[in-house]
Amino acid sequence: MILIQREKDAGSRCVISMDSNSTSIYDPRNPGHVKTFTFDLAYWSHSGFLKDENGMLISAGSNTYAGQREVFRDLGQGVLQSAWQGYNATLLAYGQTGSGKSYSMIGYGANRGLVPSVCEELCKAIQSQEKNKQYQVRLAQIVIYFQDLSRLKPGGLKIREDQQQGFYVDGLKLVPCDNYAQIERLMDQGNKMRTTATTTMNASSSRSHMVITIQFKQVIFLDEAITKQSVINLVDLAGSERQKSSGSEKDRLKEGTRVNLSLTTLGNVISALAEVATGKKVLHIPYRDSVLTKLLQSALGGNSRTIMIAALSPADICYEETLSTLRYAERSLVSHQACCFPCKHPGSSCLSSAELRLLAESEGRTRSAQMTWEARLEEARQEWEQQYSVMTQERWMMETFPYLLNINEDPQLSWVLKHFIQDGTCDVGQSTSNAIILRGLGILDKHATFTNADGKVTIAPQDKCKVVVNGVTITGETELQHSDRVILGSNSTYLYVGPPAQRTEEDLSRYDYDFFQSELAAAEGFSVDKLGTVGSGQDRADPSVLAVFHDYIKLMPLVEEANQMSQELGKDLKFELKVKNLALSDSRGHDLQKEITVKVTHETTQQVWVWSKAKFINRKFIMEELYQRFLEGEDPAVNQDSDPFWDPVEAVHVGSAHVWLQALAYRMRLEERAELLNSEGLEEAVVLINLSSCSSDGRLFGEDEMVIDPLELLERRVDFQIHIAECLGVKWLRGAVGRGIQIGYRVYDLPRCLYTKPVWESANPKIEETVHFSALNASYDFLNYLQKNALIVDLWGLQEGCMEMDSSLDGLLLTAEGTVVVDNPKALTASNVPELYRKLLQMEQETELLRELNRALREENALLKDSLKKWDTGHHERLIYHFINKKDAEEMCSHRTSCDAELAKALKTFYQNMSVVREQFLQLKHSRPPEDNLQVLRLFTERQSQMISDFGRQLESTVDKLKSDVALIVKKKREYIAYSKP
C-alpha cells in the first residue's frame, strides 16, 4: 500500500486509514464522506518502515507497519498448515495494477512474497522428511489470457471435465521438485515464457490471471501406505481497474471482456460458497461461467481453505478503483474449511497367511511408488541440468556481446528476455529465419537489421517498418550507444546494453517503462510545461496536471496498438490523443479541468468521434479480444453493434469563444467578433455576435438609457437580446462533404443550452438568429453575473447522419411576449442561507455608504443655510447677484445632468476602446509560431512585434482618453461650483 512513483509525482495524498481490522477510505473531493469496511485482517504498509542492511523493509519502531514477514506469518503459515492436514488451499490476490498485489504474491528483491516463502518452507520440510514418510511436490504455472489457458507455450492448453476428477487441464505438465532452487528456476523460466506471451498475444500482464499450482502429496508407510494429497493454488488476479463502474461510461458497448467476466464470476462463486457455509440453500454455484473458476473448483469448494488479499492503492487519484476493490473484497468475504480425515488401518501382532500376502503386495506397491517418484525426480533433475547449462551460456554471452533487454510495464517481467547481437549482421522480425525472432503488434517478417562490427552496433529499419531510438523514429542506419532505448513495431520496448567496453556504472533501473513513454511524449512535444503549472513562482506543477500527464503517457502505447490493430483488421480508423480543455477557461476566465480524450477519425469518410479515456480503454480491451481471434485464424468479422471500432455518427465539439457580458450590466450594446478556439487554443472560426439591452417589446436602448451603476437595475425588469449573425472561416466545413454546424450557449440559470438552427456545407455560414431574454426582477447575483462572467459560445460540428441538437425553446419558461425568462427566483432552502447572509452583509455595507453620503449632504446643507443667513442679514445690496431663485435651481439641476451624461459617454468610449484592446490581447495570446521554417518565423516575429507595439499604444491611448475626459468633467464641475459661490 505504498505510493508508486507515478502517484508521488502527481502529488497524491493518502485516502486510506486503518484501525485494527477496519479499513476506511475518504472521498478526496468530500473528505467528510468516509466509508468503512471490516475484514479478518488489515495490514498497513504505507508508512512507518525502514530498510535494513539486507534490503528488507522492516518496522521503524511503529507497531502499525506490516511487512512481508507478518503477511506470511498470518496467511502463508495458514496455507501450509492446511496443506499438511490434507486440505486444499487457495490464496487470491486482487487489486488494481500497481497496488501491490504482485508484490504481495511474488515480492521484490529481499522482500520475498507469499509464493516463494510458501514454496521454500514446504521444501525445508521435504529436506528433513522422516524415514517412513515421502513428500512429493509438483508445480505448474498457468496464465489465463482472454479466457484461454496458456502453459506459457504457443498453442495453449484446453480445460476438460471428467466425472471423477471434475475440471482438469489437459496436457498440463506438473514438474517434480525436491528443493527450493528448482522451484525458483521454474518460476524464472515461467516469467520468460510469460513475457514472450504478452508480446506475442498483445496482452498486458495486468490483463491476465497467473495461477501457480502446487500439488503436495504425503505418503506415510505404515502397515499400508496412507496418502494425504492437497492442492495449493496461488493466484495473482488480473488488474481490477476493469471492474470500475465508469470503465464503460457513456459507451454503447458495456464492458464485457472475458477478463472482466472471470473476475465477476469468481466473486459470484465465492459469495455462493459463503452462503452455503452459513447454511443457506444455494441452487447453483456458477463454476462453469469462466475458465478461472472451472480451474479452481476443486480448490474453492469442499475440502478447502480460501484466502483473498485485497491490495489497495492509497492515492487520492485512485479513489474510485480502491473503493471498487474494497467493495469486491467485502462481497467475497468468506473463509470456509471442511475436514477430511485419511483412512488408517490398525496393525496386528498376529497375521494370517492371507494378511501376510496382502502386506507383501502393499510393500511391493510402496516400493513401486517410491521408484516411480524417484524416476520422475531424476528426469526433472536432468532437465534442470540442461537449463543450468543454458543459463551458464547466457551469462557468458552477457559478458561478451551487446544485447537487447526487454522492458515491460509490469516490473516483474522487465529484464527477463535478452536478445544477443553477435558479430556480423542479424535480422529481427517475425520470420523464423531471423537471428532474433520477435512477434507482436507492428512487427513484420523482416523488421530491422543489426550490424555488429569494429566495436560498433547499428540498427537499420526495413522499408516502412517502425523503429524508434530514444523517442525518435529513425528511417536510416543509426549507431546505438550503451543504454539507448529502442522500440520496435507498436510497443516492443528494449534497453540496449552495449559491448562490455562501453558499459559504465550507471544504474540502468531508471530506464523503466514510464521512462520510455515520457521520452516518446517529449519527442512529440508533449510535456508537463505544455499543460501548465499552478502559477508563477512555483517550480512544481499542479498535481492534477501531473495526473493528466501520466494519463497521457499511459495511453500512448494503447493508442499506438489500437492504430496497428485497426490497420491489420482493415477498420480504417486513426486514433489520436488529445487534451480536453488544454487552453480553455470557464465563464469567469478560470482554467477548466484538463483531461485526456481520444480523437477517432475514419480516414475514408473523414467522420470524427471523440472518446473519453474510460471509453477508449474499454474499447481497447474488446479490440484485443477481436484481434486475438484474428491471430488464431478465426473470422474477425462481427455485427456492427458488437464492433468495438464502430460507433454511430455524433456531433463533435469544435471550439469555444468567450463573450463578456459586462456591457449588458450598463445597458450598453456590444458588437463582438469572437474567435472560436479549439481545446489546444487554435482558431477554428470567428463568430459575429451582438449583445443588446432592450425594452420588454424588443426596442433597443440608446445611449441616453445607459446606467452608471448596475445596482440601478436591482429588482427591476432587465431585457436583452443575443443576436448571432454569422460564422467566418469555419475550418470544420472546409473540404469536407456532409458536414454542418450549430452554435450553442447557456445563459445564467437556464436549465439547458440554446442552439441555433443547423447550417450545412458553407465555410462562412449565415445564421442571423436572435433570442430575447428577460429577468423579471433582476437579482443582485444576476447583475453580478453580467458584470463578471462571459457567455460561453460553443461551436458544434455536425456530420451526415448524426442527431441534430434541439434548436427550439421547448422546456424553457417564457413570458407572455414569448421572451425567455432568466434569473428565475428559487425557493429559500438551507443550502442558500449562506448566500443570503452574504447578500445581507453587502446590503449593510451599501447602507453604510448611503449614511455617509447623507451625513456629507447634511453638512453641506448646514453650510449653505449659514451662508444664506449671513447674506440675508448683511448683504441686501447684493441681492440681485446672490438670490437663488427658481431659475438658478433649474440651471444647477441641468448642470448636474449634463455632468452625468458626459461621464457616461466617457465610460462608454473607454469600454469600447478596451474591447479593441482585449481583442488585440487575445490575438497575441493565441498566436503560435511556425515550425521548421526560418523565413516564416522571421515574418511571424516582425508581425508579433508590430502587434505588441499597437497593443501598447492602444492601451495607453485608451487610459489617457479616460483620464482626459474625467479631468475635463471635474474641471467644469469645479468651475461651476466656484462660480456659484457668493
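All figures in this text were calculated on a predicted structure; none of them were measured in a lab. Residue positions are given per chain, counting from 1 as you read along its sequence in written order. Only residues with pLDDT of 70 or above have their local features reported here, since the model is predicted, and side-chain atom pairs are shown and tallied only from 80 upward, although totals for entire chains, interfaces and linings are computed over all residues. Here the side-chain values reflect all heavy atoms present in the structure, with hydrogen atoms and water set aside.

A. Spotlight on the overall build of the chain. A tally of regular secondary structure across the chain gives 20 helices and 40 strands. The burial tally for the chain puts 45% of its 982 residues in the buried class. Whether two residues are in contact is decided by their heavy atoms: any pair within 4.5 Å suffices. For the chain, contacts bridging at least 24 residues in sequence account for 66% of all contacts bridging at least 6. The Shrake-Rupley method, run with a 1.4 Å probe sphere, supplies the accessible areas, and residue values consider only the shown protein chains as cover. Carbon and sulfur atoms form 51% of the exposed surface of the chain, whose accessible area is close to 51100 Å². Only DSSP runs of H or I covering at least 4 residues are called helices, and only runs of E covering at least 2 are called strands; the numbering of each starts at the N terminus. The buried label goes to any residue with under 20% of its type's maximum accessible area, the exposed label to any with over 50%, and the partly exposed label to all in between, with areas taken from a 1.4 Å probe on protein chains only.

B. Broad picture of the side chain of E726. Here E726 is to be found in strand 34 (residues 718–728). Note on E726: relative accessible area 14%, which makes it buried. A distance of 3.3 Å separates the side chain of E726 from the side chain of K766, its partner in a polar contact. If near-sequence neighbours (up to four positions away) are discounted, E726 is found in contact with V686, V687, L688, N764, P765, K766 and I767. Pairs of N or O atoms are called polar contacts if they sit within 3.5 Å, as long as, within protein, a hydrogen donor faces a hydrogen acceptor (for residues adjacent in sequence, only side-chain-to-side-chain pairs).

C. How the structure looks around unusual backbone geometry. One non-glycine residue, W415, lies in positive phi territory at about 60 degrees. Tracing the backbone shows W415 in the loop between strand 17 (403–406) and strand 18 (418–420). Judged by relative accessible area, W415 falls into the partly exposed class, the value being 39%.

D. Layout of helix 9 (residues 319–331). A helix is expected to span 1.5 Å for every residue after the first. With 13 residues, helix 9 ought to run about 18 Å at 1.5 Å a step, and its terminal C-alpha atoms sit 18 Å apart, in line with that. Turning to helix 9, its buried residues number three or more, namely Y319, E321, T322, L323, S324, T325, L326, Y328 and A329.

E. Summary view of the pattern of salt bridges. Here, a salt bridge means any side-chain nitrogen of Lys or Arg that lies within 4 Å of a carboxyl oxygen of Asp or Glu. According to the stated counting rule, one finds 23 salt bridges in the structure shown. Between K620 and E624 there is a salt bridge; the shortest N-O distance is 2.6 Å. Within this pair, K620 and its partner E624 are both found in helix 14 (residues 613–631), separated by four residues, close to a single helical turn. Both residues of the pair, K620 and E624, count as buried. In this structure, the salt-bridge partner of K766 is E726, at a minimum N-O distance of 3.3 Å. Of the two residues, K766 sits in strand 38 (residues 766–775) while E726 sits in strand 34, which places them 40 residues apart along the sequence. Salt bridges linked by common partners bring E561, K620 and E624 together as one network.

F. Region of the structure containing the packing of aromatic side chains. Only the six-membered ring of Trp is used, alongside the rings of Phe and Tyr, when aromatic pairs are assigned; centres must lie within 6.5 Å, and planes under 30 degrees apart are stacked while those over 60 apart are edge-to-face, with the rest tilted. Under the criterion given, the structure shown has 19 aromatic pairs. For the pair W84 and Y135, a centre-to-centre distance of 5.1 Å together with 85 degrees between the ring planes defines the contact as edge-to-face. Here Y135 lies in strand 9 (residues 133–145) and W84 lies in helix 2 (residues 68–84), a separation of 51 residues in the sequence. Aromatic side chains Y627 and F630 sit 5.8 Å apart centroid to centroid with 40 degrees between the ring planes, which places their arrangement in the tilted category. With a gap of three residues between them, Y627 and F630 both fall in helix 14, about one helical turn apart. By relative accessible area, Y627 is classed as buried at 4%. By relative accessible area, which is 30% here, F630 ends up partly exposed. A network of ring pairs unites the aromatic residues F720, Y745, Y748, F773, F782 and Y785 as a single cluster. Across from the ring centre of W611, 4.9 Å away, lies the NZ or CZ of R619, which sits over that ring. One Lys or Arg, R739, reaches over the ring of W732 and ends 3.7 Å from the middle of that ring. The rule is short: NZ of Lys or CZ of Arg within 6 Å of the ring centre and within 35 degrees of the ring normal puts a charge over the ring.

G. Examining the confidence of the model for the chain more closely. In the predicted model, the chain carries a mean pLDDT of 79, and 77% of its residues have values of at least 70. Below a pLDDT of 50 lies the segment residues 334–359, which in the model reaches 38 contacts outside its immediate sequence neighbourhood of four places, other chains included. How sure the predictor is of each residue is captured by pLDDT, a score from 0 to 100. Every residue in residues 875–887 scores below 50 in pLDDT, and together they form eight contacts with partners more than four places removed in sequence or on other chains.

H. Spotlight on the sheet that holds strand 26 (residues 485–488). Strand pairing follows a simple DSSP-based rule, namely that at least 2 bridges must link the two strands. Strands sit in the order 18-17-27-26-23-24 across an open sheet of six strands; the sheet is antiparallel. In this open sheet, the two strands that pair with only one neighbour each are strand 18 and strand 24 (472–473). Across two bridges, the pairing between strand 23 (residues 467–469) and strand 24 is antiparallel. In the sheet register, V469 faces strand 24, and the bridge partner there is V472. On top of the sheet, helix 11 (residues 513–523) reaches strand 23, strand 24, strand 26 and strand 27 (492–497); it is set at about 80 degrees to strand 26, its chief contact. With axes taken as lines fitted to C-alpha atoms, and helix axes fitted only over the stretch in contact, angles between N-to-C directions fall between 0 and 180 degrees.

I. Representation of the sheet that holds strand 20 (residues 436–437) within the structure. With respect to topology, five strands assemble into an open sheet ordered 20-19-21-22-25, the strand pairing being mixed. Of all strands in the sheet, those with a lone pairing partner are strand 20 and strand 25 (478–480), marking the two edges.

J. Representation of the packing of helix 2 against helix 4 (residues 114–127) in the model. For the pair helix 2 and helix 4, interaxial distance at closest approach is 10 Å and the crossing angle is 45 degrees. Between helix 2 and helix 4, the angle falls in the class oblique. Helix 4 is crossed by helix 2, and the crossing has right-handed handedness. Note on element contacts: helix 4 touches helix 2 through L114, S117, V118, E121, L122 and A125, opposite V71, F72, G76, L80 and W84. Grouping the amino acids of the contact of helix 2 with helix 4 by side-chain chemistry returns eight nonpolar, two polar and one charged. Here the angle decides the label: under 35 degrees means roughly parallel, over 145 means roughly antiparallel, 65 to 115 means roughly perpendicular, and every other value means oblique. Crossing chirality is assigned from the near helix's rotation relative to the far helix, an anticlockwise turn below a right angle marking it left-handed and a clockwise turn marking it right-handed. Residues are grouped as follows: Ala, Val, Leu, Ile, Met, Phe, Trp, Tyr, Cys and Pro are nonpolar; Asp, Glu, Lys and Arg are charged; every other residue, Gly included, is polar.

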